[in-house]
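# Residue-level structural notes
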Amino acid sequence: MKLTSKFIQKEIDNGDTLVLNNNYNTDKIVVFSDWHLGTGGNNDNSLKNCLYIFEALRYYNEHNYLVILLGDTFEVAEKNDIEDIKNIHENIMWILTEIYLKNKLILVRGNHDAFLKESKLKDRMFSYTKKRIGLFPNIKFYNSVKFDTNKKTYFMMHGHQYSRKYKYFNKIICFFLRYIYSPLELYLLKDPTGEMSAFEDNNKPSKLFSEVAIKNNVDIICGHLHTVSMDYPRYYNVGSGILPRCITCGEIVDGKFSMYKWSTVVENEVMKVKKTLLGD
């Protein structure tokens, strides 16, 4: 389906945008995307990287970063069971709650969690006591996030806005994912790490976002494509949480954007999870 800048521009002009400068400390920001936290089955692509996600969140919580989850955090398109997701990924839910209680957590909608209701995230079942405890009781999903610095303006969205198919047919796409793709992935398609890479040229939407960013004099940060991109002017893709052997993210510290990966390293015969700079 033809790519278009129409919906990207519409999001910038009058979308459901959270302006960070109004209510948040923006000295240190980390941006994740596309964790696709699932229900623990063979088709839960996040399971192999849960340790990296948890350790990254522990670090950013300890260092008081504002955490932005840029969409497709919860895989409710393939299986609409958010209670199972919260239970399977209880350690991640726990650290996210700690971040939320410090007013340091922002959720953006992606195409895979577009229809998830905020009320479904107000609490969770604590497996030890079997009682429900608070999760994100007053959380709100946004379609995009805007952040002004002295040097530039950052505009963040999930990244599916380049295509008409997600604007008009996302419910049909979710139906296909849930009842056709997910069973195939469960039994036949092992370890897919790119939602689009086998079907489309990722350079095309990246180029389109870059053109829109230049036109609007903003730096656009997205996810969705599952691959890190820093090759196009004023456009960054922060990758995903289901890459082989690592997760990736973007940091904005004192207005400067940098990309990192979290992976396992061995130092002095000790194995640890550590972040590594990918580029500026």
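Cut-off values and rules
Residues numbered from 1 in each chain as written. Predicted model: local features only at pLDDT ≥ 70, side-chain atom pairs only at ≥ 80, totals over all residues. Heavy atoms only, no water. Helix = DSSP H or I, 4+ residues; strand = E, 2+ residues; numbered from the N terminus. Expected span 1.5 Å × (residues − 1). Buried < 20%, exposed > 50% of the residue type's maximum accessible area, 1.4 Å probe, protein only. Contact = heavy atoms within 4.5 Å. Pairing = 2+ DSSP bridges. Axes fitted to C-alpha atoms, helices over the stretch in contact; angles between N-to-C directions. Parallel < 35°, antiparallel > 145°, perpendicular 65-115°, else oblique. Left-handed = near helix turned anticlockwise from the far one by under 90°. Nonpolar A, V, L, I, M, F, W, Y, C, P; charged D, E, K, R; others polar. Phe/Tyr/Trp six-rings, centres within 6.5 Å; stacked < 30°, edge-to-face > 60°.

### Notes on helix α2 (residues 50–62)
- With 13 residues, α2 extends 18 Å between its outermost C-alpha atoms, agreeing within 8% with the 18 Å of an ideal straight helix rising 1.5 Å per residue.
- Buried residues of α2: Cys50, Tyr52, Ile53, Glu55, Ala56, Leu57, Tyr60 and Asn61, and no others.
- In this structure, the buried residues of α2 make contact with β2 (28–32), β3 (66–69), α4 (90–101), β13 (246–253), β14 (256–267) and β15 (270–279).

### Regarding the sheet that holds β13
- Taken together, seven strands build an open sheet; the order of strands is β7-β4-β3-β2-β13-β14-β15 and the sheet is mixed. For this open sheet the edge positions go to β7 (141–142) and β15, each flanked by a neighbour on one side alone.
- Two strands pair when backbone bridges link them, and β13 and β14 are joined in this way by eight bridges, in the antiparallel orientation. Bridging across to β14, Thr248 finds its partner in Lys261.
- Packed onto the sheet, α2 meets β2, β3, β13, β14 and β15 and runs at close to 125 degrees relative to β14.

### Some thoughts on the packing of α2 against α4
- Packing of α2 against α4 leaves a shortest axis separation of 10 Å and a crossing angle of 15 degrees. What the angle tells us is that α2 and α4 run roughly parallel. Here α2 runs over α4; the crossing is left-handed. Together, Cys50, Ile53, Phe54, Leu57, Arg58 and Asn61 of α2 and Asn91, Ile92, Trp94, Ile95, Leu96, Glu98 and Ile99 of α4 make up the contact between the two elements.
- For the contact of α2 with α4, the residue count by class is nine nonpolar, two polar and two charged.

### Description of the packing of aromatic side chains
- For the structure on display, the rule yields twelve aromatic pairs.
- On the numbers, 5.2 Å between centres and 55 degrees between planes, the contact of Phe32 with Trp35 is tilted. In this pair, the class of Phe32 matches that of Trp35, namely buried.
- Ring centres of Tyr59 and Tyr65 lie 6.4 Å apart, and the angle between their planes is 40 degrees; this geometry places the pair in the tilted category.
- Overall, Tyr59 belongs to the partly exposed group, its relative accessible area being 21%.
- For Tyr65, a relative accessible area of 6% translates into the label buried.

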